[in-house]
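Notes for the structure review
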Amino acid sequence: MRMLWKNIKGLVGAYESPPSRLSGSEMADFPVLQNAWLAIDAGKIADFGPMETFPGIVDWTGLEVVDCEGRYVLPAWCDSHTHLVFAAPRSKEFLSRLQGKTYHEIAEAGGGILNSARALQLMPEDQLFEEALVRLKRAIQTGTGAIEIKSGYGLDGEAELKMLRVIQRLKEAVSIPVRRTFLACHAVPEGNWTAESWTRYAVEDLLPRVQAEGLADYVDAFCEKGYFGLEELALLLDGATQHGLAAKVHVNQFNALGGVAFCANANAVSVDHLEVLNPEDVEALKSNAASGTMACALPGCSYFLGIPYTPVRELIQADIPVAIATDFNPGSAPSSNMERVVQLAILKMKMLPLEALAAATLNGAAAMDVSDRAGVIAPGRAANILVTKPMDGLEGFAYDFGEHAVEKVFIDGIEV
Ligand code: NIG
Ligand code: FE
């Protein structure tokens, strides 16, 4: 099946040879080819260019021509941070928050991550898989074309491995890139565990089993007061290095413990959350720019918990590469919709439309090492692309905030 899309108002993120990431000021220059055409052949991007130099159609056999007048075309979203595998929603905790309890009070009373873990430990693997697959397909329908999924709601060895096997099955069930993260240190499990004893168990006992089954691309930890500190982070990242795994780490959601500098020095692939950011954190990311640690903001979490937004302008000012992701999870961000994240990034973090789009595509791909397969429109790549409704400009993603900007989603050239 061949398609030719013509009169595209703006073809966003299209490159002949794409860069691996965009840092700081480069993000506003995410390319937009005005008045463009795009050719798709057998599910892949074949070619693109400006309408003025459109070569014309030689072979009409099996060709569908689509007029994209007034519409933008862009790469599918790359959601580099999700907790999409879980056993139950936590809407009752949300109701408690509405009635005055805080996220921390709920967690301290045994709710939060511990609540998710109890439900997940009880759910059989097949059911967990089926329910997560529905969520994954929903994310794809709203335009996600590459995704990272974490474990971390197991909080015991067998349940963590069960989660990772579910993530593996999800990866095999869809054509989009799925990256797998062993969130080894999410919360200290109930019982006699301490942060340190659990981390040692996760590193010495679980990590070799995770590796033996080939179940993960990354490790992750929740570096936060009352959860895991720098000592545990050091143990985990050391273990990961020994097993050849890279790190993506939850840092600075509520408190800055020095995790940003630690991760940047350890060449982590990304540091995620960053709602609280010290000048030292920004400096650490800036001075490690060559190693390319991505700063990943999660505005859906800020929106839903009512906590500060990541000061993205400071990061961009310091020429640090920034990604945005959903953090999709039942407690702090129950939405897998990347378009909504783009909208929040523009409205709440003051990102320019092109900065937000670069962060949600090209840089999102870099934040999970799939830059060779996702995040841009380029010849030979899978045709995982989005078509907007007719819009005056890309600011329409946030200006028309009650509407969906993305009208059609194509995965491997097929509308979903
Ligand atoms: O990224 N911060 C740690 N973990 C998740 C959500 C935890 C939960 O409430 O289930 C997050 O926000
Ligand atoms: Fe998270």
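Refer to the structure printed above.
Residues numbered from 1 in each chain as written. Chains lettered and ligands numbered in written order. Predicted model: local features only at pLDDT ≥ 70, side-chain atom pairs only at ≥ 80, totals over all residues. Heavy atoms only, no water.

**Re the coordination of the iron ion (ligand 2)**
Expected angles at a metal are 109.5 degrees for tetrahedral coordination by four donors and either 90 or 180 degrees for octahedral coordination by six donors. The coordination sphere of the iron ion (ligand 2), as far as protein atoms go, consists of His 81 (NE2), His 83 (NE2), His 250 (NE2) and Asp 327 (OD), spread over 2.1 to 2.2 Å. Each donor residue of the iron ion (ligand 2) belongs to the same chain, with the gaps between them written as H-x1-H-x166-H-x76-D. Note that His 81 is positioned in the loop between strand S6 (77–79) and helix H1 (91–98) and His 250 in strand S10 (residues 246–251), a separation of 169 residues in sequence. In this structure, His 81 and His 250 share a single accessibility class: buried. (Donors = N, O, S within 2.8 Å, 3.2 Å for Na, K, Ca; no water. Helix = DSSP H or I, 4+ residues; strand = E, 2+ residues; numbered from the N terminus. Buried < 20%, exposed > 50% of the residue type's maximum accessible area, 1.4 Å probe, protein only.)

**Regarding the packing of helix H4 (residues 125–141) against helix H5 (residues 157–173)**
Direction vectors running N to C along H4 and H5 enclose 45°, while the axes themselves pass 9 Å from each other. The angle between the axes of H4 and H5 places the two elements in the oblique class. Judged by the twist between their axes, the crossing of H4 over H5 is right-handed. Here Glu 125, Asp 126, Leu 128, Phe 129, Ala 132, Leu 133 and Leu 136 of H4 come into contact with H5, specifically with Lys 162, Arg 165, Val 166, Arg 169, Leu 170 and Ala 173. Among the residues making up the contact of H4 with H5, the classes are represented as 8 nonpolar, no polar and 5 charged. (Axes fitted to C-alpha atoms, helices over the stretch in contact; angles between N-to-C directions. Parallel < 35°, antiparallel > 145°, perpendicular 65-115°, else oblique. Left-handed = near helix turned anticlockwise from the far one by under 90°. Contact = heavy atoms within 4.5 Å. Nonpolar A, V, L, I, M, F, W, Y, C, P; charged D, E, K, R; others polar.)

**Looking at empty space enclosed by the protein**
Counted by the stated rule, this structure contains 2 cavities of 30 Å³ or more. As for the largest cavity, its lining consists of 13 residues, and the residues nearest its centre are Tyr 103, Ile 113, His 186, Asn 329 and Ser 332. For the lining of the largest cavity, the per-class residue count stands at 4 nonpolar, 7 polar and 2 charged. By volume, the second largest cavity is sized at about 70 Å³. If you go around the second largest cavity, the residues you meet are Pro 75, Ala 76, Gly 145, Arg 373, Ala 374, Gly 375, Val 376, Arg 381, Ala 382 and Asn 384. The class makeup of the residues in the lining of the second largest cavity is 5 nonpolar, 3 polar and 2 charged. (1 Å grid on protein atoms, 1.4 Å probe; cavity = no way out; pocket = protein on both sides within 12 Å on 5 of 7 lines; lining within 4 Å. Points joined across faces, edges and corners; volume = space filled by probe spheres on them.)

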